[in-house]
Each structure stands twice: as C-alpha cells, then as structure tokens.
Amino acid sequence: MSDLNFIERLERITVVCGHYGSGKTNFSLNLAMDMAKKNSSKNITLVDLDIVNPYFRSSDYRELLENSGIHVIAPKYAGTNLDTPALSAEIDSVFCNDDTNVIFDVGGDDAGAFALGRYSDKIKQEKYSFIYLVNRYRNLTSTPEASVEILGEIMCACGLMPSYIVNNSHLQWETTPETITDALSYGEKIADIVNVPLLCTTAPDFLKNREKLADLGLYYVKSIVRPPFYS
C-alpha cells in the first residue's frame, strides 16, 4: 500500500518545484488526487504555473482532475494552438479562500520559478510547504551536489525557502526495484545538505508488491503524464 501519511504534514499551500523532467507534473497530479481522497471534506485546487514547457502541463489533464473533484487553474491559452505565456488572474483568488488546499505545479528550474516569484509575497503571508522534487536519473541532477546547485537557482528566482525534499528518482517504464533502492541515499544526502526533511520517496505504481521494496514506506504514483512520442 502507498504511504499517504506525509500528506498530513503539508500546509494549505504546497509548491512543487524541481529540475526539468524530474517528474513535477506527474507528482503534482498524483498528489492532488490523493489529497482529494484523503481529505474529502477539503476543496483542492491545482494551479498550473508552468508557462515554460508546453508539452507537460498539469492543465492538460483537467478532465481527469475535475472528475476527482479538483479545481484547475491553467495559464491563459493553455490547451489551444497559442503558446503565449500568460498567467490567469484567477490565481490571486486562492489566497483569499482558507477552505481550499492549493498545489502549485511550477515550471522547471529557475526559468519556471520566476513565474512563482510573482506570488512569493502572498505565499509568505501564509504557512506553505515548498517541495523540491529530485530525480537522480535526470541530466544535470545525477549527484546531490548538482541538485542542490539547481535548488539555489530556483530559490533565487522565486524568493521562497524549501520545506521538504521528495525523492522522485525513476526511469519511467524502465524503472526496476533496484532503480529505487540505488537512489535512496541520493535523496537522503540532498535533504541532509539542505537541512530539510525528506518528505517521501516515490516509485511507479507498477512496482507495488515487489518484495525488495516492502517496508520502505514508498509513495506509489501512477504514470499519468506520458511523453508525446508514447501512444
């Protein structure tokens, strides 16, 4: 079974940042849907704040999210043939509604975090959880030190401090139990360097019930986001 206890540690506003291709959007989708299941009395809003990458946007899965009772705020013109980076004015409304839990899915690296910086003052006025999501198997983040360097760039761009590390190390459909176990120390080292807790370690849900992963308390995520070259 997936360990969902970490959700209780998150504040009303949760920000998900990381390196390009680390799996932020897939994690954000899973988190939003599991948060809705675990806190059925709470309203959940997912804010697609990625105005950098037109191919992997959480708002592309609006129907799936809305069927789970999750409200979606998307960049203006998302889902059209226009790729104009324009943030929705509706984003400001999430800071006025204490009854709603909010997840910000932020674009990759410092380029994506600049958009988040527009709202940093409002976020700082509330308790928030800033998740830095890492993947050992992505280019430029193969070592803990490289991941920490990119985090520094993200922090400078958005003006927010990290609350948690999430170890999302995987190789998509080629992920094996060894892929996960070999990267455990990687996530722990990053958390140690940054001096924030390791919130959870993820694994693709097709690895559930593998004996080698038993008792690790993993957060099993569905592979919702697929690259455009997959049917």
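Residues numbered from 1 in each chain as written. Predicted model: local features only at pLDDT ≥ 70, side-chain atom pairs only at ≥ 80, totals over all residues. Heavy atoms only, no water.

Undergrad: Got a minute to help me understand the packing of helix α5 (residues 144-158) against helix α7 (residues 184-194) in this structure?
TA: Angle between the axes and distance between the axes: these two values describe a pair of packed helices. Interaxial distance between α5 and α7 falls to 9 Å at its minimum, and their mutual angle equals 50°. As judged from the angle between their axes, α5 and α7 are oblique. In the packing of α5 onto α7, the handedness of the crossing is right-handed. Contact residues: α5 offers P144, E145, S147, V148 and L151, while α7 offers Y186, K189, I190, I193 and V194. Within the contact of α5 with α7, the residues separate by chemical class into seven nonpolar, one polar and two charged. (Axes fitted to C-alpha atoms, helices over the stretch in contact; angles between N-to-C directions. Helix = DSSP H or I, 4+ residues; strand = E, 2+ residues; numbered from the N terminus. Parallel < 35°, antiparallel > 145°, perpendicular 65-115°, else oblique. Left-handed = near helix turned anticlockwise from the far one by under 90°. Contact = heavy atoms within 4.5 Å. Nonpolar A, V, L, I, M, F, W, Y, C, P; charged D, E, K, R; others polar.)

Undergrad: Honestly, unusual backbone geometry in this entry has me stumped. Any pointers?
TA: Negative phi is the rule for most residues except glycine; trans is the rule for most peptide bonds. Its identity is not glycine, yet D109 carries a phi of approximately 55°, on the positive side. Position of D109 relative to the elements: it lies in helix α3 (residues 109-117). A positive phi is found at Q172, a non-glycine position, where the angle reads about 50°. Among the structural elements, Q172 can be located in the loop between β6 (164-167) and α6 (177-181). Judged by relative accessible area, which is 36%, Q172 ranks as partly exposed. (Buried < 20%, exposed > 50% of the residue type's maximum accessible area, 1.4 Å probe, protein only.)

Undergrad: Looking at this model, I keep getting lost on the packing of aromatic side chains. Mind explaining?
TA: Each aromatic ring pair is specified by the distance between its two centres and by the angle formed by the two planes. For the structure on display, the rule yields four aromatic pairs. Ring centres 4.9 Å apart and planes at 65° place the aromatic pair F6 and Y219 in the edge-to-face group. One end of the pair, F6, is in the segment before β1 (13-18); the other, Y219, is in strand β8 (residues 219-221), with 213 residues separating them in the sequence. Under the relative-accessibility criterion, F6 is labelled buried at 4%. Exposure remark for Y219: the relative accessible area of 0% places this residue in the buried category. Between F27 and Y219, the ring centres sit 6.0 Å apart and the planes meet at 90°, which makes this aromatic pair edge-to-face. With F27 in helix α1 (residues 24-38) and Y219 in strand β8, this residue pair connects regions lying 192 residues apart in the sequence. Judged by relative accessible area, which is 2%, F27 ranks as buried. One aromatic cluster is present, formed by F6, F27 and Y219 through successive ring pairs. (Phe/Tyr/Trp six-rings, centres within 6.5 Å; stacked < 30°, edge-to-face > 60°.)

Undergrad: Is there a simple way to think about the packing of α3 against α5 in this case?
TA: Relative orientation of the contacting elements α3 and α5 amounts to 25°, with a least axis distance of 7 Å. One finds that α3 runs roughly parallel with respect to α5. For the pair α3 and α5, the sense of crossing is right-handed. In contact with D109, D110, A113, F114, L116 and G117 of α3, α5 contributes I150, E153, I154, A157 and C158.

Geometric descriptors of this kind do not, in isolation, establish any biological role.
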